[in-house]
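Here is how the chains run, residue by residue.
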Amino acid sequence: MKRWSAIASALLFAGIAAFSYSQQASGQADAGWVVLFDGKNLDNFSPIGDANWRIEDGVLVADKATKNSYLVSKKDYRDFQIRAEFWVSDDANSGIFIRCTNPNEVGSKNSYEVNIFDTRPDPSYGTGAIVDTAKAATVLKTGGKWNVYEITAKGPRFDVTLNGTMTVDGANDSKFPDGRISLQYGAGVVKFRKVEVKPL
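Residues numbered from 1 in each chain as written. Predicted model: local features only at pLDDT ≥ 70, side-chain atom pairs only at ≥ 80, totals over all residues. Heavy atoms only, no water.

Overview of the pairing of strand β10 (residues 157–162)
As a general feature of sheets, a regular strand has side chains that alternate between the two faces.
Logical step 1: By the criterion of burial, β10 is predominantly enclosed, with five of the six residues buried.
Logical step 2: In terms of strand pairing, strand β9 (residues 146–154) meets β10 through six bridges, oriented antiparallel. What sits directly across from Ala 153, in β10, is Phe 158.
Logical step 3: The turn joining β9 and β10, which pair antiparallel and follow one another in sequence, is formed by two residues; a positive phi near 60 degrees is taken by Gly 155.
Logical step 4: Looking at chain direction, β10 and strand β11 (residues 165–172) are connected through six bridges and run antiparallel. Residue pairing for β11: Thr 161 is matched across the bridge by Met 166.
Logical step 5: A loop of two residues connects β10 with β11, the two strands running antiparallel in sequence, and Asn 163 in this loop sits at a positive phi of about 50 degrees. (Buried < 20%, exposed > 50% of the residue type's maximum accessible area, 1.4 Å probe, protein only. Helix = DSSP H or I, 4+ residues; strand = E, 2+ residues; numbered from the N terminus. Pairing = 2+ DSSP bridges.)

Description of the environment of Asn 52
Logical step 1: Within the element layout of this structure, Asn 52 appears in the loop between β2 (45–48) and β3 (54–56).
Logical step 2: With 17 residues separating them along the chain, Asn 52 and Ser 69 place their C-alpha atoms 9.2 Å apart.
Logical step 3: There is a polar contact of 2.8 Å between the side chain of Asn 52 and the side chain of Asp 63. (Polar contact = N/O pair within 3.5 Å; in protein donor to acceptor, adjacent residues only side chain to side chain.)

Describing the pattern of salt bridges
Logical step 1: On inspection of all chains with the given rule, the structure shows 10 salt bridges.
Logical step 2: The salt bridge partner of Arg 78 is Asp 178, with a shortest N-O separation of 3.0 Å. Here Asp 178 lies in the loop between β11 and β12 (180–187) and Arg 78 lies in the loop between β5 (69–73) and β6 (80–88), a separation of 100 residues in the sequence.
Logical step 3: Arg 78 gets classed as partly exposed once you look at its relative accessible area, which sits at 46%.
Logical step 4: Classification of Asp 178 as partly exposed rests on a relative accessible area of 26%.
Logical step 5: Across the salt bridge formed by Arg 157 and Asp 169, the nearest N and O atoms sit 3.3 Å from each other. Placement of the pair is Arg 157 in strand β10 and Asp 169 in strand β11, with a sequence separation of 12 residues. (Salt bridge = Lys/Arg side-chain N within 4 Å of Asp/Glu carboxyl O.)

A word on unusual backbone geometry
Logical step 1: The phi torsion at Arg 99 lies on the positive side, around 55 degrees, for a residue other than glycine.
Logical step 2: Following the sequence through the fold, Arg 99 ends up in strand β7 (residues 93–100).
Logical step 3: Residue classification places Arg 99 among the buried positions, given a relative accessible area of 2%.

A closer look at empty space enclosed by the protein
Where empty space is left becomes clear once a probe the size of a water molecule has been rolled over the atoms.
Logical step 1: Per the counting criterion, the structure on display carries one cavity of 30 Å³ or more.
Logical step 2: In this structure, the largest cavity spans a volume of roughly 40 Å³.
Logical step 3: Every residue along the wall of the largest cavity is listed here: Phe 117, Asp 118, Pro 123, Gly 126, Thr 127, Val 139, Leu 140 and Lys 141.
Logical step 4: Here the residues of the lining of the largest cavity are counted per class, giving four nonpolar, two polar and two charged. (1 Å grid on protein atoms, 1.4 Å probe; cavity = no way out; pocket = protein on both sides within 12 Å on 5 of 7 lines; lining within 4 Å. Points joined across faces, edges and corners; volume = space filled by probe spheres on them. Nonpolar A, V, L, I, M, F, W, Y, C, P; charged D, E, K, R; others polar.)

A short note on the packing of aromatic side chains
Here a ring pair, both rings aromatic, is described through the centre-centre distance and the interplanar angle of the planes.
Logical step 1: For the structure on display, the rule yields six aromatic pairs.
Logical step 2: Between Phe 86 and Tyr 149 the ring centres are 5.3 Å apart and the planes differ by 40 degrees, which places this aromatic pair in the tilted class. Of this pair, Phe 86 sits in strand β6 while Tyr 149 is found in strand β9, placing the two residues 63 residues apart along the sequence. The residues Phe 86 and Tyr 149 share a single accessibility class, namely buried.
Logical step 3: Consider the rings of Tyr 112 and Phe 158, whose centres lie 4.6 Å apart with planes at 55 degrees: the pair is tilted. (Phe/Tyr/Trp six-rings, centres within 6.5 Å; stacked < 30°, edge-to-face > 60°.)

Limitation: the analysis is restricted to geometry and does not speak to function.
Now the structure itself:
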């Protein structure tokens, strides 16, 4: 009886150890990521402009404004990765601005704009591109579906992946070394479901 008790205890201990390791590995996979938008609040952002940003069923939505409007992070970031899930209508104009040097006035003249604009007259700087810095190697359409942007900024190097396709590979520019992260509303319907950043 004692022998069976010892075996059961050993198996239980091994199971607990395996579960613990699994949990640690899972936690390490997401280690370092900071959630900027989690579907619950906008505490990490300050608004610019008059877009009607709101949260509906855990999704950040805007569909009206009289001018380009932004949600600007309250912290600066230098080297980082961004993962963002977004949905836009076919006629939408949006983007993720990075290294914004002026938190009160966001634009492509003082930050890098990773564009979301399927109908831009010059599509090479449309969705997937960094406006005036790096044309999209592959022009993709994002309207009417959920998409995933992965953006890396490390020193003067920039990489952008959209839905698993690299649209910017190793662009170099050093105008703006650090700054805020900003979500843009320009036109159409724009939604963000998850936005997270990992400082490097």
